[in-house]
Protein chains: 2
Amino acid sequence: MANGFDPAKGARLEPKIAELVARRDRALGPSYRLFYDEPVALASASGLELVGIDGRTYLDAYNNVPVIGHSHPAVTAAVSTQLQTLNTHTRYITESILDYSERLLGHFPAPLERVTYTCTGSEAIDLAVRIARHRTGRRGLIISEHAYHGTTVTAAGMSPSLGPNNPLGTDVVTIPSVDTAATPADQVGAKLAADVRAAAAQLEESGAGVAAVVLDSILSSDGVQTHPLGFLQPAEAVVRELGALWIADEVQPGFGRTGTWWGFERHGIVPDLVVLGKPMGNGMPIAAVVGTLDAQASFGAEVRYFNTFAGNPVSIAAATAVLDVIEGDELVSHAAAMGTRLLDGLQELVQSHESAQHARGAGLFAALDLGTPTSPDPELAARVVNGMRQSGVLISASGPAAASLKIRPPLPISSAQCDQIVETLDAVLMEVERAR
Amino acid sequence: MANGFDPAKGARLEPKIAELVARRDRALGPSYRLFYDEPVALASASGLELVGIDGRTYLDAYNNVPVIGHSHPAVTAAVSTQLQTLNTHTRYITESILDYSERLLGHFPAPLERVTYTCTGSEAIDLAVRIARHRTGRRGLIISEHAYHGTTVTAAGMSPSLGPNNPLGTDVVTIPSVDTAATPADQVGAKLAADVRAAAAQLEESGAGVAAVVLDSILSSDGVQTHPLGFLQPAEAVVRELGALWIADEVQPGFGRTGTWWGFERHGIVPDLVVLGKPMGNGMPIAAVVGTLDAQASFGAEVRYFNTFAGNPVSIAAATAVLDVIEGDELVSHAAAMGTRLLDGLQELVQSHESAQHARGAGLFAALDLGTPTSPDPELAARVVNGMRQSGVLISASGPAAASLKIRPPLPISSAQCDQIVETLDAVLMEVERAR
């Protein structure tokens, strides 16, 4: 995986870190992985600042779960109060889930009018697939070739970015990663639509048919593909023609990250099902499927769905606090403004650094490709990511070649912190280029 | 479903309840269901007492999530403190997950030595299936014919109790529900083993092979099957012979409910993978797979598993508080003692009520079959469940015929509350029998 700690590299770890890594190896399942050549051990966090067990501070320019900032007091207060009062499930009536649902749905275009809660984005994408297959009576799913949609059997089966040992699902067909850096802007949409059409033909020939096209609205794991605006529209038209559903995975772009409430809005499309996750509760496990009634009605009538912890009053309290802060602090427009500042800085790095090829972004989700014009350089990206970590700024890498830096800070970032990311990156790039 | 609210029955609801039900219908996905002919709207809860929005109190004799009691101050304190400090994911090192994991593993027999966290029991069973298929290179799963294992595509595909519109997974084969009321005690184990063997033959013939036998260790949705002790052993021997894995679903029986830490212990077997869920965080979303290193090693080496919210410091704080209370208040032995008192009371009802056929239980998980000796009576069970609700005691029904009352209170129940359950049930049974 991009930016994974590899014990085989034999990095010399601080004794305390080495001890904790050894304890992890002895107690946790062998599927766990750590970030960075020298893993980071954390003691506390606040706002955009993470504090290591050695007292060292880091600027968090990577985590999209604490969307309103780490350890936000509004979440703590809401959760603590609710935990003292009531925490049970949705087979009893509670009012706060209705208050929240009505507010949440108010942020969606009209046909998206019902919400079903889950605990994680993986559960939500998995539920969206159940609904889409039930609605269409077909099984086929079209996904991107470097997609990541989650960890259940079905979600992992739609996540080729997990690598060759992770089997794709039956009736899952991939389309080539959108590559906006390499494709003329006026051809991005048409190419994607043609790719969807070809995949659909394959699924129709196999007899599976197309239940849904499932795309992360900012194609996060395909390298963060943001422009031109509207490039999803021609593919949406194909989906309508096929009578299939569009499932928008908004786990990463959702809740204001892109400078709009939802990533699909930037493209002027209206999905049938929208999958929400990570930032929804600022770290409290809550996720959801928002969809049209048409898409959900038959599944709802014929199949019950009960998720014990999902939509419980405590998770709802956290999600309500998050909505309060995003709205009250106007974090969506703030993300747009800070994103512009960040992207301007990255564009300057493309001008000033030979190895920086292409910068792109939407709101506070940005990517910078490293390498030469013809050859992405994952090894360089890994050195930059680790150099940034050593310089106190946490980012990661992404994309089919793992050569795109991924920058995705909590939304309440300041101008100075945007500048700190760019300046640190400038210095690290210089150092890494000099060392070659 | 057993004990579902059916609007078509046209029950007259209090105006406030009717309004909330209407708001649910307008905002929530159509898959949501409520309990009881007259749904319960809750305002608060403490210990075993639930308080409705009308101020009415109910004894909770059903919910196994708040295992240490509703709104427990130890959970509130631990979660609040941690939320103010740090809440991030497992790709950074934090120490509390290691402290907790080491303690949790201390409650398992030695070969069960690694834990992987998820957020829900559904995610955990789904992960266990991924691990088992990777380990064995086979796809087949053997489950019980009225099993419930969760809500993902794969977990729902192993949950025939969800009804005929819920498709079972490919390579999933069912065995008949264990029926300990109808089977001579000395034949229960042999019959189960023979059924597993027959299902295995079917999967071997199809080419899928047997990856795992997956059983809830107390067969909750198959009517709660508790005795004779050891009846899982002959089936375990078949699994060993097949080179398959035993996945114990401990989401319902786990964490002391049965008067032992784990349901599988009662039968003297050692599973390869154990799935934990509901009670683990007393309502905070945390679940896990505990397993042998042998079962997990190849999956762990070749496939990474990352679940963003799983094992975060806040969930771990909740789970640690739960462990503190279970251990400190000796709730496992308390559950055994109270369970005996409850079961003695239910046995008396079998003596004194014509419609009460068979009582059984392990710790605080009890069932009472209603009907005649030859014919289970789900309609009667529904009337008793609703009569209990009207009398202020919440229980539900279960089993292939939905005719087994399911009684499953939080562990800190008092003797007086056990007696209240039995006395209320006595009165309700009398009333319902008289009304026939």
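Here the structure is a predicted model, which is why all the values come from computation and not from measurement.

Caption draft 1: Molecular detail of the sheet that holds strand β1 (residues 42–46) of chain B. Residues and elements named next belong to chain B. Spatially, the four strands line up as an open sheet ordered β1-β2-β3-β13, and their pairing is mixed. Looking along the sheet, the strands with just one partner apiece sit at the ends: β1 and β13 (393–394). Summarising the sheet, strand β3 (residues 57–60) and β13 pair through two bridges and their orientation is parallel. Paired with L59 across the bridge in β13 is V393.

Caption draft 2: Region of the structure containing the sheet that holds strand β4 (residues 114–118) of chain A. All names here are of chain A. Reading across from one edge, β4-β10-β9-β8-β7-β5-β6 is the order of the seven strands in this open sheet, with mixed pairing throughout. Either end of the sheet is taken by a strand with one partner, and the two such strands are β4 and β6 (172–175). The mean angle between the axes of side-by-side strands here comes to 20°, regardless of whether they run parallel or antiparallel. Judged from the five bridges that link them, β4 and strand β10 (residues 287–291) form a sheet pairing that is antiparallel. For T118, the partnering residue across the bridge sits in β10 and is A287.

Caption draft 3: Geometry of the state of the cysteines. With the rule as written, the count across this model stands at zero disulfides over all chains. Free cysteine C119(B): the closest other cysteine sulfur is in C119(A), separated by 6.7 Å. Look at C119(B) and you get buried, because its relative accessible area is 0%.

Caption draft 4: Region of the structure containing the domain arrangement of chain A. Residues and elements named next belong to chain A. Each domain of chain A was delimited in the assignment, giving domain 1 (7–68 + 331–435) and domain 2 (73–328). On a C-alpha basis, the centres of domain 1 and domain 2 stand 26 Å from each other. Taken together, the contact between domain 1 and domain 2 spans 27 residues of the former and 31 residues of the latter. Across the interface of domain 1 and domain 2, roughly 2,300 Å² is buried in total on both sides, 64% from carbon and sulfur atoms. Of all residues in domain 1, the largest losses of buried area upon contact with domain 2 belong to I68, V332 and F365, amounting jointly to 28% of the total for that side. Scanning the region where domain 1 abuts domain 2 turns up zero salt bridges. Among the secondary structure elements, those contributing two or more residues to the side of domain 1 that touches domain 2 are α10 (331–352), β11 (356–362) and β12 (365–370). Its residues placed into classes, the side of domain 1 that touches domain 2 shows 16 nonpolar, eight polar and three charged.

Caption draft 5: Here's a closer look at the pattern of salt bridges. In the structure shown here, the tally under the stated rule is 36 salt bridges over all chains. Notably, a salt bridge pairs R240(B) with D272(B), separated by 2.8 Å at the nearest N-O pair. One end of the pair, R240(B), is in helix α7 (residues 233–242); the other, D272(B), is in the loop between β8 (245–249) and β9 (273–276), with 32 residues separating them in the sequence. Note on R240(B): relative accessible area 35%, which makes it partly exposed. Classification of D272(B) by relative accessible area gives buried; the value is 12%. Taken together, the salt bridges that share partners define one network made up of K16(A), E19(A), R23(A), E95(B), D99(B) and E102(B).

Caption draft 6: Structural detail: the packing of helix α2 (residues 73–83) of chain A against helix α9 (residues 313–328) of chain A. Residue and element names in this part refer to chain A. In the contact formed by α2 and α9, the axes pass within 8 Å of each other and the chain directions differ by 155°. Considering their axes alone, α2 and α9 lie roughly antiparallel with respect to each other. α2 and α9 meet at a crossing whose hand is right-handed. Contacts from A74, V75, A78, V79, Q82 and L83 in α2 reach P313, V314, A317, A318, A321, V322 and V325 in α9. A per-class count over the contact of α2 with α9 returns 12 nonpolar, one polar and no charged.

Caption draft 7: The relation of the copies chain B and chain A, seen in detail. For the match of chain B to chain A, the screw axis carries a shift of 0.0 Å, the RMSD comes to 0.0 Å, and the turn is 180°. Taken together, the turn and the small shift mark the pair as related by a two-fold rotation axis. Measuring from the rotation axis to each C-alpha of chain B, the shortest distance belongs to S80(B), at 2.8 Å. Mapped onto chain A, 100% of the interface residues of chain B again fall at the interface, so both copies present the same surface.

Caption draft 8: Structural detail: helix α12 (residues 415–435) of chain B. Residues and elements named next belong to chain B. Here α12 contains 21 residues, and its C-alpha end-to-end distance of 30 Å stays within 8% of the 30 Å for a straight helix at 1.5 Å per residue. Turning to α12, its buried residues are C418, I421, V422, T424, L425, V428, L429 and V432. Considered in projection along α12, the buried side chains sweep an arc of 165° and stay on one side of the axis. Residues A416, E423, E431 and R434 are exposed on α12 and point more than 90 degrees away from its buried face.

Caption draft 9: Seen up close, the side chain of T152(A). Turning to its location among the elements, T152(A) is positioned in the loop between β5 (140–144) and α5 (153–156). Overall, T152(A) belongs to the buried group, its relative accessible area being 1%. Within the structure, the side chain of T152(A) is placed 2.7 Å from the side chain of D126(A), a separation counted as a polar contact. Sequence-distant contacts of T152(A), that is, excluding residues within four places in its chain, are made with S122(A), D126(A), G157(A), D126(B), R130(B) and T152(B).

Caption draft 10: Region of interest: the interface of chain B and chain A. Between chain B and chain A, the contact holds 101 residues from the first and 101 residues from the second. When chain B packs against chain A, close to 8,800 Å² is buried across both sides, 57% of that on carbon and sulfur atoms. At the boundary of chain B and chain A, one finds eight salt bridges. Measuring nitrogen to oxygen at the nearest pair gives 3.5 Å for the salt bridge that ties K16(A) to E95(B). Counting the contacts that link chain B with chain A gives 58 residue pairs in polar contact (both at pLDDT 80 or more). Ranked by residue count, the leading element in the side of chain B that touches chain A is helix α1 (residues 15–27) of chain B, at nine residues. Grouping the amino acids of the side of chain B that touches chain A by side-chain chemistry returns 49 nonpolar, 34 polar and 18 charged.

Conventions adopted
Residues numbered from 1 in each chain as written. Chains lettered and ligands numbered in written order. Predicted model: local features only at pLDDT ≥ 70, side-chain atom pairs only at ≥ 80, totals over all residues. Heavy atoms only, no water. Pairing = 2+ DSSP bridges. Helix = DSSP H or I, 4+ residues; strand = E, 2+ residues; numbered from the N terminus. Axes fitted to C-alpha atoms, helices over the stretch in contact; angles between N-to-C directions. Disulfide = S-S within 2.5 Å. Buried < 20%, exposed > 50% of the residue type's maximum accessible area, 1.4 Å probe, protein only. Domains from an automatic or database assignment. Contact = heavy atoms within 4.5 Å. Buried area = accessible area lost by both parts, 1.4 Å probe. Salt bridge = Lys/Arg side-chain N within 4 Å of Asp/Glu carboxyl O. Nonpolar A, V, L, I, M, F, W, Y, C, P; charged D, E, K, R; others polar. Parallel < 35°, antiparallel > 145°, perpendicular 65-115°, else oblique. Left-handed = near helix turned anticlockwise from the far one by under 90°. Least-squares fit on C-alpha atoms with pLDDT ≥ 70 in both. Expected span 1.5 Å × (residues − 1). Arc of directions from axis to C-beta. Polar contact = N/O pair within 3.5 Å; in protein donor to acceptor, adjacent residues only side chain to side chain.

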